[in-house]
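A look at the structure
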Amino acid sequence: MDVKQIDVETIVKSVLEGMLKQQETANTAGGKTVGSVPATAKVAMLTELEKYEIREFPIPKLGDDDILVKVEGCGICGTDAHEFKRDPFGLIPLVLGHEGTGEIVRMGKNVKKDSAGKELRVGDKVVTCMIFKDNPDITMFDLNKQNVGGADVYGLLPDDDIHLNGWFSDYILIRGGSTVFNVSDLDLDSRILIEPCAVLVHAVERAKTTGILRFNSRVAVQGCGPIGLICIAVLRTMGIENIVAIDGEQKRLDFAKEMGATQSVNFKDYKDIEALSGAVADCFGGHLADFAFQCTGSPAAHSNIYKFIRNGGGLCELGFFINGGDATINPHFDICSKELTIVGSWVYTLRDYATTFDFLKRAKGIGLPMSKLITHRFPLEQINEAHRTNLRMEGLKIAIINE
Ligand SMILES: NC(=O)c1ccc[n+]([C@@H]2O[C@H](COP(=O)([O-])OP(=O)(O)OC[C@H]3O[C@@H](n4cnc5c(N)ncnc54)[C@H](O)[C@@H]3O)[C@@H](O)[C@H]2O)c1
Ligand SMILES: [Zn+2]
């Protein structure tokens, strides 16, 4: 029999379409669905270093505890950038994106409430969280859940199965047992910013454990990338107003003031650390800071920050999510004789995640320009360009926004 290539393609296509239609019918049975859900989802899969490909995968039959979400947007995180550039753990191919949010379009019949006990309905806006939920005060990724079908961890690990497990996509399948929150009362930009904001809610909680941070504290924030800028915003929503921002990029320092910093210092204007420390003290009327947040990944910046803090003051170091190398300090002058209280801070707890929803409402309430943190928005199809823009450090938070 003489079957041309084109015929084979047509036959395969019609068989596949038939299978997917059957699946579509099966999907809807028993659960709840809104609007029409396509048979396949588009995902941006990182297939090699610095290269995402848009792939289509069938939307599988939903389990009774599962949720299908139509993705509205997802921020690009430093972790995504790291994976895009280096793939340090050999995870490629995988679907990234963990700072995502979207609308529930279909739910299994057992799904009634989110992880905070709030009712969930089709049409609600949700986010996921990857933190260990059995103990809401422990900072720990819930990677153990990866062994039971990938529940809980989205946009960080590969799966060989359905591939609808990252937010750089148009649909994501949230498996039963995952941590999911109903955040319908937040706008899209706020929802995209939840994950990085949770980092700062946690850092400020860590800072509070020192007992040094008070309403009238003089606070130095070093580094005005998204992390430092959000730090300023969290401090402002707590009622702390005497904040000095330190960075080398004037544009970022100007934005720090919009975010609520009272004064800013460009470290590039000062010839040595004594002059820089003097400039910080000048901003506080001749006093050093009571408390400082270190929000850069630079070991040199870590060494510097001790010189901005008064005797008996406090420091929160949160700038090294990953190993950035060693820093030199003088234990006598910097810590011991100063009697500093130092805390480290890494990601967040589940409780901080929930606190962040309220923080975002308060930030909006006092007029902080949180949305301006999202400087670039790209459609999913331009995800490679979005990552390259991120690597060039042209903006602050770069987001993928679906139509
Ligand atoms: N603790 C956590 O859980 C956590 C979570 C996310 C990110 N981080 C870390 O926070 C850091 C900041 O993140 P980001 O997204 O804002 O990064 P970013 O690179 O956008 O911002 C860093 C800022 O620091 C400034 N800077 C560099 N050297 C400086 C110096 N010597 N003095 C003053 N400013 C200096 C840069 O100009 C830049 O504006 C990163 O290193 C990241 O690893 C930590
Ligand atoms: Zn992140």
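Just so we're clear, the structure is a prediction, and the values are computed from it rather than from any experiment.

**Some points on the pairing of strand S6 (residues 99-107)**
Burial within S6 is extensive, with 7 of its 9 residues counted as buried. Pairing of strand S4 (residues 67-75) with S6 involves 8 bridges; the strand directions are antiparallel. Following the sheet pairing, Lys70 is matched in S6 by Glu103. Strand direction decides the pairing type here: S6 and strand S7 (residues 125-129), joined by 2 bridges, are antiparallel. Paired with Glu103 across the strands is Lys125, a residue of S7.

**Examining the pairing of S4**
Buried residues dominate S4, accounting for 7 of its 9 residues. As judged from the 4 bridges shared by S4 and strand S8 (residues 171-174), these two strands associate in the antiparallel manner. Across the sheet, residue Lys70 finds its bridge partner in S8, namely Tyr171. Relative to strand S17 (residues 397-401), S4 is paired through 3 bridges, and the arrangement is antiparallel. Opposite Cys74, over in S17, you have Ile400 as the bridge partner.

**As for the environment of Val221**
Counting through the fold element by element, Val221 comes out in strand S10 (residues 218-222). Overall, Val221 belongs to the buried group, with 28 C-beta atoms counted inside 10 Å. If we ignore the near neighbours within four places in the chain, the residues touching Val221 are Gly228, Cys231, Ile232, Ile243, Ala245, Ala261, Phe293 and Cys295.

**Let's talk about the environment of Met370**
By secondary structure assignment, the location of Met370 is in the loop between helix H9 (350-365) and strand S16 (374-378). Met370 sits 141 residues away from Leu229 along the chain, and the two C-alpha atoms are 9.4 Å apart. Ignoring any residue separated from it by four or fewer positions in sequence, one finds Met370 in contact with Asp189, Ser190, Leu193, Ala233, Leu360, Ala363 and Lys364.

**What to know about the site of ligand 1**
Gly223, Gly225, Ile227, Gly297 and Phe321 are the nearest of the 29 residues found near ligand 1. Every element with two or more residues in the shell around ligand 1 is listed here: helix H4 (226-237), strand S11 (242-247) and helix H7 (299-305). With 3 residues, H4 is the largest single contributor of residues to the shell around ligand 1. By residue class, the composition of the shell around ligand 1 is 15 nonpolar, 11 polar and 3 charged.

**Notes on the nonpolar core**
In this structure, Cys231 and Ile232 are the most contacted members of the largest nonpolar core, which totals 112 residues. Each of domain 1 (25-184 + 369-401) and domain 2 (196-344) accounts for three or more of the residues forming this core. Ignoring anything within four residues of it in the chain, the contact list for Cys231 reads Leu200, Ala203, Val221, Phe293 and Cys295.

**Thoughts on the sheet that holds S11**
The strands that make up a sheet pair up through hydrogen bonds in the backbone, lying either parallel or antiparallel. On the basis of which strands lie adjacent, the open sheet formed by 6 strands has the order S12-S11-S10-S13-S14-S15 and parallel pairing. Each having just a single partner strand, strand S12 (263-266) and strand S15 (341-344) make up the two edges of the open sheet. Between one strand axis and the next, the sheet turns by 20 degrees as a mean value, whatever way the strands run. Across 4 bridges, the pairing between S10 and strand S13 (residues 289-294) is parallel. Considered in S13, the bridge of Gln222 is made with Gln294. Strands S13, strand S14 (309-317) and S15 of the sheet are contacted by helix H3 (residues 188-208), whose axis makes an angle of about 145 degrees with S14. On the sheet, helix H6 (residues 273-283) packs against S10, S11, S12 and S13 and is oriented at approximately 170 degrees with respect to S12.

Rules used in this analysis
- Residues numbered from 1 in each chain as written.
- Chains lettered and ligands numbered in written order.
- Predicted model: local features only at pLDDT ≥ 70, side-chain atom pairs only at ≥ 80, totals over all residues.
- Buried ≥ 20, exposed ≤ 12 C-beta atoms within 10 Å, placed from the backbone.
- Helix = DSSP H or I, 4+ residues; strand = E, 2+ residues; numbered from the N terminus.
- Pairing = 2+ DSSP bridges.
- Contact = placed C-beta atoms within 7 Å.
- Near = placed C-beta within 6 Å.
- Nonpolar A, V, L, I, M, F, W, Y, C, P; charged D, E, K, R; others polar.
- Core = buried A, V, L, I, M, F, W, Y, C linked by C-beta atoms within 7 Å.
- Domains from an automatic or database assignment.
- Axes fitted to C-alpha atoms, helices over the stretch in contact; angles between N-to-C directions.

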